[in-house]
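Each chain, letter by letter, is given below.
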Amino acid sequence: MTARTQRTRLIAAAATLAAGTLLLTACGSNTGSSGSTGTAGGNATQQISAAAADPALAALVPAEVKSAGKLVVAADASYAPNEFKDEKGDIVGMDVDLAKAVAQKLGLTADVQNADFTSIIPGISSNKYQLGMSSFTDTKEREKTVDMVTYFTAGSAAAVKKGNPDKINLDDLCGKKVAVQTGTTQADEVKDTRNPDCTKAGKPTIPNDGDKFTLQTDVTGALVAGRDQVMLADSPVIDYALKQTGGQLEKIGSTYDSAPYGIVVAKGSGLTKAVQGAITALIADGTYKQILDKWGVAAGAVTTSEINAAKS
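Source: prediction; values computed, not measured.

Chemist: So what exactly am I meant to see when it comes to the layout of surface pockets here?
Modeler: If you roll a probe as big as a water molecule over the atoms, it shows you where there is empty space left. By volume, the largest pocket amounts to about 680 Å³. Lining the largest pocket are 30 residues, with Thr 137, Thr 139, Thr 185, Ala 259 and Ser 312 sitting closest to its centre. Elements with a contribution of two residues or more to the lining of the largest pocket: helix 6 (140-143), strand 7 (146-161), helix 7 (185-200) and strand 11 (249-266). With 6 residues, helix 7 is the largest single contributor of residues to the lining of the largest pocket.

Written out as structure tokens, the structure is:
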């Protein structure tokens, strides 16, 4: 296949997956957004009531943020159902609704901007964004440079083509073609854990430390198209992909390495406690549950929000 032909087929594959059809068979990856507001068990058309502003929490907001009247929130809009683009090109998802509700609690509005996943933490540190809400697992490594306010729990999971034609075993991916999103905990898992274990066992490693893509939609597309044999991602994302690909994929094994998601805030920012307080208030008034139910991800609900609570 020529490079031009492959590129043409990649684009065709992207369009097909984005349309949510069952016909994606091209030999490449999806290069678009998910393009659908459907969820794995949720109701994306459900309207969430505006969260009432809390004067005590609003008083914690730094003056420069308060004067701007908004929180600039970065999200990689390729990680459905947490953050993705709908058919109109609007950024939607669980994290987006939570970002809006957090801002409302603080007497602000949320300006949610699409950003490459790996650029978000540097963007927080440089004050380009005030918050990062993009399914970030709270880790000690990330806490070295930013604050993390926990608000959800997810684990890692794996999916393969329906029927598992390559007989993939989640406990032994040595030598397999594994698709992951760049910068995620799953990409680190392949590089830092799985491949060293393969080497110790005298087995072939996962090629290139995984087939890495900037967008999660490309990861899913690569698996559906047969470019890769298995994909690793956060558990709600795997569940959503199974639903959106119309039975072309199946989950293998169980969810593992569950850990909290954290809202990314600049290290030592006055916003950190304000954001934690907002999440706590949203849990208490029921808005938090409404949002998770809307997107079909209530299994990841937490009862308390913590600051920098990573265990590893």
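Now that the structure is up, let's keep going.
Chemist: Can you walk me through the pattern of salt bridges in this structure?
Modeler: Applying the stated criterion to the full structure yields 10 salt bridges. Among the salt bridges present, the one from Asp 172 reaches Lys 203, with a minimum N-O distance of 2.9 Å. Taken as a pair, Asp 172 in the loop between strand 7 and strand 8 (178-181) and Lys 203 in the loop between helix 7 and strand 9 (211-213) lie far apart in primary sequence, 31 residues in all. Exposure remark for Asp 172: the relative accessible area of 27% places this residue in the partly exposed category. We note a salt bridge from Lys 191 to Asp 192, for which the minimum N-O separation is 2.7 Å. On the basis of relative accessible area, Asp 192 is assigned to the partly exposed category, the value being 47%.

Chemist: Explain the packing of aromatic side chains here, please?
Modeler: What the rule picks out here adds up to 5 aromatic pairs. Summarising the aromatic geometry, the rings of Tyr 151 and Tyr 261 are spaced 6.1 Å apart at their centres and angled 45° between planes, so their arrangement reads as tilted. Pair noted here: Tyr 151 is in strand 7 and Tyr 261 is in strand 11, with a separation of 110 residues, a long-range link. For Tyr 151, a relative accessible area of 0% puts it in the buried group. Looking at Tyr 261, the relative accessible area reads 0%, which means it is buried. Three or more aromatic residues joined by ring pairs make a cluster, and in this case those are Phe 84, Tyr 240 and Trp 295.

Chemist: Sorry if this is basic, but what is going on with helix 9 (residues 235-244) here?
Modeler: Of all 10 residues that make up helix 9, 7 are buried, and the element is covered over most of its length. All of the buried residues in helix 9 are Ser 235, Pro 236, Val 237, Ile 238, Tyr 240, Ala 241 and Gln 244. For helix 9, the secondary structure elements touched by its buried residues are strand 2 (78-79), strand 3 (83-85), strand 7, helix 8 (216-224), strand 10 (230-234) and strand 11. Of the residues flanking the end of helix 9, it is Gly 246, one or two places downstream, whose phi is positive at about 60°.

Chemist: Help me understand the confidence of the model for the protein chain in this model?
Modeler: Caution applies to low-pLDDT parts of the model: their predicted coordinates are not meant to be read in detail. Mean pLDDT over the protein chain: 87, with 87% of residues reaching 70 or higher. Throughout residues 1-38 the model reports pLDDT below 50, and contacts reaching past four residues in sequence, or to other chains, amount to 78 contacts.

Chemist: Explanation requested: the state of the cysteines in the structure shown.
Modeler: Working definition of a disulfide: a covalent bond connecting the sulfur atoms of two cysteines. Counted by the stated rule, this structure contains 1 disulfide. With its sulfur 2.0 Å from that of its partner, Cys 174 forms a disulfide with Cys 198. Its torsion about the S-S bond being -95°, the disulfide of Cys 174 and Cys 198 is classed as left-handed. Of the two residues, Cys 174 sits in the loop between strand 7 and strand 8 while Cys 198 sits in helix 7, which places them 24 residues apart along the sequence.

Chemist: How should the sheet that holds strand 2 be read in this particular structure?
Modeler: What holds strands together in a sheet is hydrogen bonding between their backbones, with the strands either parallel or antiparallel. If you walk across this open sheet you meet the 3 strands as 2-3-4, and the pairing is antiparallel. The sheet is open, and its two borders are formed by strand 2 and strand 4 (91-92), each paired with just one other strand. Pairing geometry for strand 2 and strand 3, over 2 bridges, is antiparallel. Looking at the pairing, Ser 78 lines up with Phe 84 of strand 3.

Chemist: Is there a simple way to explain the environment of Val 72 in this structure?
Modeler: Position of Val 72 among the secondary structure elements: in strand 1 (residues 70-75). Judged by its relative accessible area of 11%, Val 72 falls in the buried class. For the pair Val 72 and Lys 128, spaced 56 residues apart in sequence, the C-alpha separation works out to 7.9 Å. Residues in contact with Val 72, not counting those within four places in the same chain, are Asp 111, Gln 113, Lys 128, Tyr 129, Gln 130 and Leu 131.

Chemist: Looking at this structure, I do not really get the nonpolar core. What am I missing?
Modeler: Soluble globular proteins tend to bury their nonpolar side chains together. Ranked by internal contacts, the top residues of the largest apolar core, which has 61 residues, are Leu 71, Met 94, Leu 106, Tyr 151, Phe 152, Met 231 and Ile 263. Among all residues touching Tyr 151, those that are not within four sequence positions of it are Met 94, Asp 95, Leu 98, Met 133, Ser 135, Tyr 261, Gly 262, Ile 263, Ile 279, Tyr 288 and Val 302. Core analysis: the next-biggest nonpolar cluster, separate from the first, contains 14 residues, Ile 168, Leu 173, Val 190 and Ile 206 among them.

Cut-offs and rules
- Residues numbered from 1 in each chain as written.
- Predicted model: local features only at pLDDT ≥ 70, side-chain atom pairs only at ≥ 80, totals over all residues.
- Heavy atoms only, no water.
- 1 Å grid on protein atoms, 1.4 Å probe; cavity = no way out; pocket = protein on both sides within 12 Å on 5 of 7 lines; lining within 4 Å.
- Points joined across faces, edges and corners; volume = space filled by probe spheres on them.
- Helix = DSSP H or I, 4+ residues; strand = E, 2+ residues; numbered from the N terminus.
- Salt bridge = Lys/Arg side-chain N within 4 Å of Asp/Glu carboxyl O.
- Buried < 20%, exposed > 50% of the residue type's maximum accessible area, 1.4 Å probe, protein only.
- Phe/Tyr/Trp six-rings, centres within 6.5 Å; stacked < 30°, edge-to-face > 60°.
- Contact = heavy atoms within 4.5 Å.
- pLDDT = per-residue confidence, 0-100.
- Disulfide = S-S within 2.5 Å.
- Pairing = 2+ DSSP bridges.
- Core = buried A, V, L, I, M, F, W, Y, C linked by side-chain atoms within 4.5 Å.

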